[in-house]
Amino acid sequence: MTRSLKNALATLLLCGLFLSVRDASVDAKRDLAALQTVTPFLYPPYPGSASEESIFDHSTPNYTFDNRVLAFTGDVANKICPSPAPPDTPPPQSGVCDRGSGGYWSYSLGAFIFYDGHDGVDYGILYRPIYAAADADQIVYSGWWDPQNHSINLGIYVRLHHPNGYNTYYGHMSSVAVQACSSPGCAFVPHGEWLGISGTTGNSSGPHLHLLVRNPSNRSVDPYGWRGSGVDPWSFNQRESLWVAFPSLINTDVYPSGPALAFPPAPAPGIIVDDGTAGFDEIPDECWQDIAHSSAQGGIMRSSRPRTTAPTCTAQWFFPEGSTVGIYSVYVRIPAVRATTEGAIYTIRHAGESDQVVVNQAVFPNIFYITDGWVYIGKYNFTGSGDEYVELTNRTQDETAGISELFVGADAVRFVRQGNITPTPLTPVTPTPTFTPSRTRTPTISPTPTVSRTPTITRTPPNTPTPTVTRTPTNTRTPTFTITPSRTRTPTPTRTATRTPTVTRTPTNTRTPTITRTPTFTRTPTFTATPSRTRTPTPTRTATRTPTVTRTPTNTRTPTLTRTPTRTRTPTFTATPSRTRTPTPTRTQTRTITPTHTRRPTATPQFRLIDLYLVNRVRYEANTPPFVVTGDRWARTNALPQTALDEYFKGPGATERFSFGWIALYNGFTGYSRLEIRDDVAHVFLEGTCMPDGRDFNIADLIMLNLKQFSEIRFVKIYDENGTTQNPDGLSDSVPACLQP
């Protein structure tokens, strides 16, 4: 080797060493910056009080599991009870520190804390407004994590970027009221701005808010800081609290509580445009099916089967031409029937701009907060030019597998004027003291009862790529729609975002009961829209409604809390299209992969924790009893046995299956067609094809265990797919002959 070649190689080696040292130095400086003193900047993200659910695990907040949970106070909970036992409070069951689903007993706190690997804070709230926790200069993302997979990760969520470089995520929402924009500085969202409604979308077992905070180095951090002795094991965390004011909590096992924020005031009557007024238009004519129902505005609503491809039916509610210029809050009315889509897309055309929001119609109205069906979808600047409207099509973001059974519902829109402020949250603006929507900070505690915290946890992976949302913010936009006298409209250009796939671990799949709906089967003639757009302010709002077959619109409504969806086809009217319209192209949702945990419903009298009996796969395959293991599910008190069966056929969650090794036995059965309980006997009619395996222990034993936990059930009779069982009569258990060992 020549001397010159040796010198060249030495030079390259030194350069590589220098670059690696420099890169390491840059990373170290970035992580060190996260540890420097941070000025508190967070405010409570919800009104009222919430239950403290899962905490930030300072041991491994990256969804790896080390069998312990470490609170910000330094209190630790271990999966395996320490020996010898500490001198503090022992667990309720001697020697059992594992509550399941990653929740462990803390002797020092005297409570189970959840959960192993969690990277955020879970607040138990039922379909309440979600507020921005801090002033934001960008809405990074807003919408479904994955429109074609509603059971993973954060579901419907919002991500905000803040001027100090931090990001906050708001997961498992049921609707959003803000839209994404492309870069920091493209928006001004003050803390307390209404972002949408909480829910239980995504990898969730009950309505709650998953609040995730990431520092400028994109590391998950505990907003409560670190109070433990010594150094925080999570080296990326700041020591001080990030809260200007703590959120209000009804239980404080770990975190401190602060004063409660007020709920948004009831909206003024505003301008209501109903589907039966001149301000409403449908394209093509009569493509929506008319339904008379008392839960609808004016007694009439419309529905259509949803689709994931180009829309075939469009509804438009026009902002009245000549109305006062200004900022208006927009609400959409979700009727109690024929509105079961989980991904209704509303387009708001205003001041030459077009924005979109997504609403899970299936959960509205409900008995919690949106009792009247009016869902807030954001603030927008309207000019009264005549080319402004809210649009809903039958193209939705529903999962293809079940879309054929759903309906998208169209009813009414309300415009409520807020003032003359020109900017909207999506427009670059200079913050002004008057731009403070719905942020009255009156300390009021919402009376939510506390229950024992035995939640079911869901976990998602730690990798969190940031979505890339392509949208150029500007104050001057060329209107996308051009309306000619023939009402031919040009589609709104849409924003495309990238999606990064994720592997989601879904543990115990506790589901929040959904409010079912019973449509009224009265066919009503279609109202003909006249050229004039009349303002129909309807000041009377009431949260009560009783389904009625009366064709006459009525404002008196009695609450109907259970609505069973009856799949009844309403005759479709064939109409000659009177106007040509190009279908609106749709956005591809951006996905920010944020690991999260799903939780139980907020503590309310309507829910109860039940057992779910499954099987330990290793013991079952080795034929070494006992086989049975027990998980937890939250069930509505008026549907406990049904929930137990439903959850059994859904099977174990991802954590139960992959971490705990639990399985369900089916023996060829795929579900059940009906459950009848009479005279202390439960009659279960199974679906599928019976496939006996010759073992003594099978699906019949598990169904009996799951149903007999309820006091009203003493015996269980199980019927095969042909409706036969060995002992159909009398007070005794019975199984099909094919399951008899």
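Residues numbered from 1 in each chain as written. Predicted model: local features only at pLDDT ≥ 70, side-chain atom pairs only at ≥ 80, totals over all residues. Heavy atoms only, no water.

(A) Expanded view of the confidence of the model for the chain. Looking at the chain as a whole, the pLDDT averages 77, with 70% of positions reaching at least 70. The model gives residues 1–6 a pLDDT under 50, and that stretch makes 2 contacts with residues more than four places away or in other chains. Residue range residues 17–35 is modelled with pLDDT below 50. Its contacts to residues more than four positions away, or to other chains, number 12 contacts. (pLDDT = per-residue confidence, 0-100. Contact = heavy atoms within 4.5 Å.)

(B) Geometry of the sheet that holds strand S25 (residues 408–410). Across the sheet, 3 strands lie side by side as S17-S18-S25; this open sheet has antiparallel pairing. Looking at strand neighbours, the two that pair on one side only are strand S17 (289–292) and S25, the edges of this open sheet. Looking at each pair of strands side by side, their axes are set apart by 35° on average, direction ignored. Taken together, the 4 bridges between S17 and strand S18 (residues 300–304) define a ladder with antiparallel strand orientation. For alanine 292, the partnering residue across the bridge sits in S18 and is isoleucine 300. (Pairing = 2+ DSSP bridges. Helix = DSSP H or I, 4+ residues; strand = E, 2+ residues; numbered from the N terminus. Axes fitted to C-alpha atoms, helices over the stretch in contact; angles between N-to-C directions.)

(C) The state of the cysteines, seen in detail. Going through the model one piece at a time under the given rule, you end up with 4 disulfides. The side chain of cysteine 181 participates in a disulfide bridge whose partner is cysteine 186; the two sulfur atoms lie 1.9 Å from each other. Its S-S torsion of approximately 60° makes the covalent link between cysteine 181 and cysteine 186 right-handed. Like cysteine 186, cysteine 181 is buried. (Disulfide = S-S within 2.5 Å. Buried < 20%, exposed > 50% of the residue type's maximum accessible area, 1.4 Å probe, protein only.)

(D) A look at the side chain of asparagine 706. When you line up the elements, asparagine 706 lands in helix H5 (residues 699–708). The buried category is assigned to asparagine 706, whose relative accessible area is 0%. Of the polar contacts made by the side chain of asparagine 706, one reaches the backbone nitrogen of tyrosine 613; its length is 2.8 Å. With residues near it in sequence (within four places) discarded, asparagine 706 still touches Asp611, Leu612, Tyr613, Ala644 and Tyr648. (Polar contact = N/O pair within 3.5 Å; in protein donor to acceptor, adjacent residues only side chain to side chain.)

(E) Local environment of the sheet that holds strand S23 (residues 374–382). Within the open sheet, the 4 strands sit side by side as S15-S26-S20-S23. Their pairing is antiparallel. Sheet topology places strand S15 (271–274) and S23 at the edges, where each strand pairs with a single neighbour. The sheet shows a mean angle of 25° between the axes of neighbouring strands, direction not considered.

(F) Region of the structure containing unusual backbone geometry. For the peptide bond that leads from serine 83 to proline 84, omega is 5°, which places it in the cis range. Mapping proline 84 onto the fold places it in the loop between strand S3 (76–78) and strand S4 (98–100). Cis peptide bonds are those with omega within 30 degrees of zero, and the linkage from phenylalanine 364 to proline 365 qualifies with -10°. Non-glycine residue asparagine 153 carries a positive phi angle of around 50°. Position of asparagine 153 among the secondary structure elements: in the loop between strand S9 (138–144) and strand S10 (156–161).

(G) View of the nonpolar core. By size, the foremost hydrophobic cluster in this structure holds 91 residues, and its most contacted members are Tyr123, Tyr170, Leu195, Tyr346 and Phe415. If we skip the residues at most four places from it in the chain, phenylalanine 415 touches Gly270, Ile271, Val273, Trp317, Phe318, Phe319, Tyr328, Ser329, Val330, Phe382 and Val390. Ala644, Phe669, Val684 and Val716 belong to the second-largest nonpolar core, a separate cluster that totals 37 residues. (Core = buried A, V, L, I, M, F, W, Y, C linked by side-chain atoms within 4.5 Å.)

(H) Main features of H5. Most of H5 sits out of view: 7 of its 10 residues are buried. Where H5 is concerned, the buried positions are Ile699, Ala700, Leu702, Ile703, Met704, Asn706 and Leu707. Of the residues that open H5, the one with a side-chain oxygen 2.9 Å from the backbone nitrogen of alanine 700 is asparagine 698.

(I) How the structure looks around the pattern of salt bridges. Within the structure shown, the criterion is met by 12 salt bridges. Two residues, glutamate 193 and lysine 379, come together in a salt bridge whose shortest N-O distance is 3.2 Å. One end of the pair, glutamate 193, is in the loop between strand S11 (167–176) and strand S12 (194–198); the other, lysine 379, is in strand S23, with 186 residues separating them in the sequence. A single burial state applies to glutamate 193 and to lysine 379, both of which are buried. (Salt bridge = Lys/Arg side-chain N within 4 Å of Asp/Glu carboxyl O.)

(J) Highlighting the side chain of serine 220. If you trace the backbone, serine 220 turns up in strand S14 (residues 220–221). For serine 220, a relative accessible area of 4% gives the class buried. Within the structure, the side chain of serine 220 is placed 3.5 Å from the side chain of arginine 214, a separation counted as a polar contact.

(K) Layout of the environment of glycine 419. Assignment of secondary structure puts glycine 419 in strand S26 (residues 412–419). Glycine 419 sits 90 residues away from serine 329 along the chain, and the two C-alpha atoms are 9.9 Å apart.

(L) Geometry of the environment of phenylalanine 649. Along the chain, phenylalanine 649 falls in helix H3 (residues 640–650). Taking C-alpha positions, phenylalanine 649 is 7.2 Å from threonine 670, a pair spaced 21 residues apart along the chain. Other than its neighbours up to four places away in sequence, phenylalanine 649 contacts Tyr666, Phe669, Thr670, Gly671, Tyr672, Leu686 and Ile699.

(M) Looking closely at the packing of aromatic side chains. Under the criterion given, the structure shown has 32 aromatic pairs. Taken together, a centroid distance of 5.3 Å and an interplanar angle of 50° make the contact between tyrosine 46 and tyrosine 123 tilted. With tyrosine 46 in the loop between helix H1 (3–35) and strand S1 (51–52) and tyrosine 123 in strand S7 (residues 121–124), this pair connects stretches of sequence that are 77 residues apart. Each member of the pair, tyrosine 46 as well as tyrosine 123, is classed as buried. These aromatic residues form a ring-pair network of at least three members: Phe72, Tyr224, Trp243, Phe246 and Tyr255. Of note, arginine 414 hangs over the ring of tryptophan 374, and the distance from its end group to the ring centre comes to 4.5 Å. When the ring centre of tyrosine 620 is taken as origin, the NZ or CZ atom of arginine 695, which lies over that ring, is 3.8 Å away. (Phe/Tyr/Trp six-rings, centres within 6.5 Å; stacked < 30°, edge-to-face > 60°. Lys NZ or Arg CZ within 6 Å of the ring centre and 35° of its normal.)

(N) Examining the environment of phenylalanine 112 more closely. Looking at the secondary structure, you find phenylalanine 112 in strand S6 (residues 111–113). In this structure phenylalanine 112 comes out as buried when scored by relative accessible area, which is 13%. In this structure, the C-alpha to C-alpha distance between phenylalanine 112 and valine 69, residues 43 residues apart in sequence, is 9.8 Å.

(O) How the structure looks around the packing of H3 against H5. Between H3 and H5, the shortest axis-to-axis distance is 9 Å and the interhelical angle comes to 145°. The crossing of H3 and H5 is right-handed. The residues of H5 that touch H3, namely those facing Pro641, Ala644, Leu645, Tyr648 and Phe649, are Ile699, Leu702, Ile703, Asn706 and Leu707. Residues that form the contact of H3 with H5 fall into these classes: 9 nonpolar, 1 polar and no charged. (Left-handed = near helix turned anticlockwise from the far one by under 90°. Nonpolar A, V, L, I, M, F, W, Y, C, P; charged D, E, K, R; others polar.)

(P) A look at H3. Across the 11 residues of H3, 8 count as buried, placing the element largely inside the fold. Its buried side turned inward, H3 meets strand S27 (607–616), strand S28 (628–636), strand S30 (669–678), strand S31 (681–688) and H5.

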